[in-house]
Amino acid sequence: MTTEKSKTGGMLQRTSEEPLHVGRPNIGDRDGLMQRFNDLLDRRWLTNAGRYVGELEQRLAEYLGVKHVVAVCNATIGLEIAIKALELRGEVIVPSFTFVATAHALQWQEITPVFCDVDPRTHMLDPDQVEMRVTPRTSGIMGVHLWGRTCDVEALQKIAERRRLTLFFDAAHAFGCSRGGTMAGNFGAAEVFSFHATKFFNTFEGGAVATNDSALARKMRLMKNFGFAGYDDVVSIGTNGKMTEICAAMGLTNLESLDHFIDVNRRNYELYREGLSGVPAIRFLEYEEGERTNYQYIVIEIDNDRSAASRDEVMNALWQQRIMARRYFYPGCHRMEPYRSLAPHDAMLLPRTEDLVQRTLVLPTGTAVAEDDIQFICRFIRAAVTGT
Ligand code: T4K
């Protein structure tokens, strides 16, 4: 890629027309994928307890070291099924700084998501704040592992035990991550992963609920298939949460390239760190030493008071270069409907979330992003933030 000085503010110009996305899908071995596609077409088995879904569930359970993995059509439905199977009701404490699916999965079942503030260092639930949001109506806590790190599981577990609440996790970002040497998938009553196209490990659309509770797993397996225990035998409420065979084929294929995807993400992360080091107005989200992580999001915070350009100005300038950086999770779930109308004063209780949504910027990564793309992005952001 070549670059040159532009007329405006010494900004650099990107010459490639190809947009750079935050969530370009990683795609494993295409020949292997096509073989699996042909095989499932030959067998004419497309969904409903297919061979590939069974194999994927087994491989995932081995990888995570967890007893049960229930594959689902996406993480949102996975969350809904877990919430229903855990018999939650009333209120559940969640962060507002998350993708809106976290809150919607509760509200969809007329359970109130009670938004709680986060630790500004990790962007995840602050246990002290959680404690303050417990009421007699609270039935659970849904921790969200953001960006490829796990939240403070131990502190949340203590609160849950003391207050007799159900603890479970939205682990949409945490596939392949560990805490204290234990893989995410083993914490709380259940953990829900997303395998959406934009996740570093994808099944086109998809997700999985992991649990070590056999009774819960059985219940969720029934629920994802309308409650059918056998032909003509419906034993519980259910929905259609099944993963298709074509999605499982993609998952099995991508699983074979998982280490490669993580290596590329780590390389990208290190390039960004190096390229943006020593800029006082930029804070990098760190990963935890000694833990496994997928490095799947490149998250920076721009200090609007110390930067020559605000976060939004930087993002808009990047978009003009076809670098589609995202300000996840702006403006916070509490400022989205229906939550904004249901609890209009929540913003006052969430000062750190309010601050974070103005500072955070997520940058392109994954196998579709090349080294010189990252070097350009870093030079561009550095110039915008330092005003040079
Ligand atoms: N909990 C959390 C914490 C989550 O982050 C999510 C989902 C969920 C729960 C629910 O999981 P799922 O039910 O989706 O399994 C995206 C994803 O759709 C969503 O899965 C993800 N989190 C969220 C953080 O990001 P959008 O609205 O930002 O997607 P979109 O279409 O703007 O795409 C993101 C980027 O990826 C763009 O830069 C374009 C690029 N892209 C996208 C697709 C779909 C591609 O290059 N190719 C593609 O095929 O939500």
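Residues numbered from 1 in each chain as written. Predicted model: local features only at pLDDT ≥ 70, side-chain atom pairs only at ≥ 80, totals over all residues. Heavy atoms only, no water.

Q: Which residues make up the sheet that holds strand 6 (residues 112-116), and what values do they have?
A: In spatial order, the strands read 4-12-11-8-7-5-6; together these seven strands make up an open sheet with mixed pairing. Because the sheet does not close on itself, it has two edges, and the strands there are strand 4 (68-72) and strand 6. In this sheet, adjacent strand axes meet at a mean angle of 25° when their direction is disregarded. Across two bridges, strand 8 (residues 166-170) lies against strand 11 (residues 191-194) in parallel orientation. Bridged to Phe169 within strand 11 is Glu191. (Pairing = 2+ DSSP bridges. Helix = DSSP H or I, 4+ residues; strand = E, 2+ residues; numbered from the N terminus. Axes fitted to C-alpha atoms, helices over the stretch in contact; angles between N-to-C directions.)

Q: Could you give an account of the packing of aromatic side chains, naming the residues involved and the relevant values?
A: Overall, the coordinates contain 18 aromatic pairs when judged by the stated rule. Considering the side-chain rings of Tyr63 and Phe175, the 5.3 Å spacing of their centres and the 45° angle between planes classify their relative orientation as tilted. In this pair, Tyr63 sits in helix 2 (residues 51-64) while Phe175 sits in the loop between strand 8 and strand 9 (178-179), placing the two residues 112 residues apart along the sequence. Take Tyr63: its relative accessible area is 21%, and that puts it in the partly exposed class. By the ring-pair criterion, three or more aromatic residues cluster together here, those being Tyr63, Phe175, Phe193, Phe195, Phe200 and Phe201. Taking the ring centre of Tyr52 as reference, the NZ or CZ of Arg43 above it sits at 5.2 Å. The ring of Tyr330 carries Arg327 above its face, with NZ or CZ at 3.8 Å from the centroid. (Phe/Tyr/Trp six-rings, centres within 6.5 Å; stacked < 30°, edge-to-face > 60°. Buried < 20%, exposed > 50% of the residue type's maximum accessible area, 1.4 Å probe, protein only. Lys NZ or Arg CZ within 6 Å of the ring centre and 35° of its normal.)

Q: Describe the site of the ligand, and please don't skip the residues or the numbers.
A: Taken together, 24 residues surround the ligand, and among them Thr76, Asp170, His173, Arg326 and Tyr328 come closest. Arg24 is positioned with one of its side-chain polar atoms (N or O) 2.8 Å from an oxygen atom of the ligand. With respect to the ligand, the side chain of Arg326 contributes an N or O atom lying 2.7 Å from an oxygen atom. Looking at the shell around the ligand, the elements that each hand over two or more residues are helix 3 (75-85) and helix 4 (101-107). (Near = heavy atom within 4 Å. Polar contact = N/O pair within 3.5 Å; in protein donor to acceptor, adjacent residues only side chain to side chain.)

Q: I'd like a rundown of the side chain of Thr211, residues and numbers included.
A: As for its position among the elements, Thr211 is in strand 12 (residues 207-211). Polar side-chain contacts of Thr211 include one of 2.8 Å to the backbone oxygen of Ala189. Setting aside anything within four residues of it in sequence, one finds Thr211 in contact with Val66, Lys67, His68, Gly185, Ala189, Ala190, Leu216, Ala217 and Met220. (Contact = heavy atoms within 4.5 Å.)

Q: Provide a residue-level description of unusual backbone geometry, including the pertinent values.
A: A cis amide bond, omega 0°, links Tyr328 with the succeeding residue Phe329. When you line up the elements, Phe329 lands in the loop between strand 17 (323-324) and helix 11 (339-342). The residue Asn48 is not glycine, and still its phi comes out positive at about 60°. In this structure, Asn48 sits in the loop between helix 1 (30-43) and helix 2. Judged by relative accessible area, Asn48 falls into the partly exposed class, the value being 37%.

Q: An account of a negative patch on the surface is requested, with residue identities and associated values reported.
A: A contiguous patch of negative charge, built from Glu270, Glu274, Glu371 and Asp372, is present on the exposed surface. Breaking the negative patch down by element, the ones donating at least two residues are helix 9 (258-275) and helix 14 (371-386). With respect to the element layout, Glu371 can be found in helix 14. Exposure remark for Glu371: the relative accessible area of 38% places this residue in the partly exposed category. (Patch = residues over 30% accessible without salt bridge, like charges linked within 9 Å, V, L, I, M, F, W, Y side chains within 5 Å. Areas by Shrake-Rupley, 256 points an atom, 1.4 Å probe, with all protein chains shown as cover. Salt bridge = Lys/Arg side-chain N within 4 Å of Asp/Glu carboxyl O. Lys, Arg positive; Asp, Glu negative; His and termini not counted. Charge placed at Lys NZ, Arg CZ, Asp CG, Glu CD.)

Q: I'd love a proper account of the environment of Gln107, names of residues and values included.
A: Within the element layout of this structure, Gln107 appears in helix 4. The class of Gln107 is partly exposed, set by a relative accessible area of 23%. Among residues more than four places away in sequence, those in contact with Gln107 are Thr112, Pro113, Pro338, Tyr339 and Leu342.

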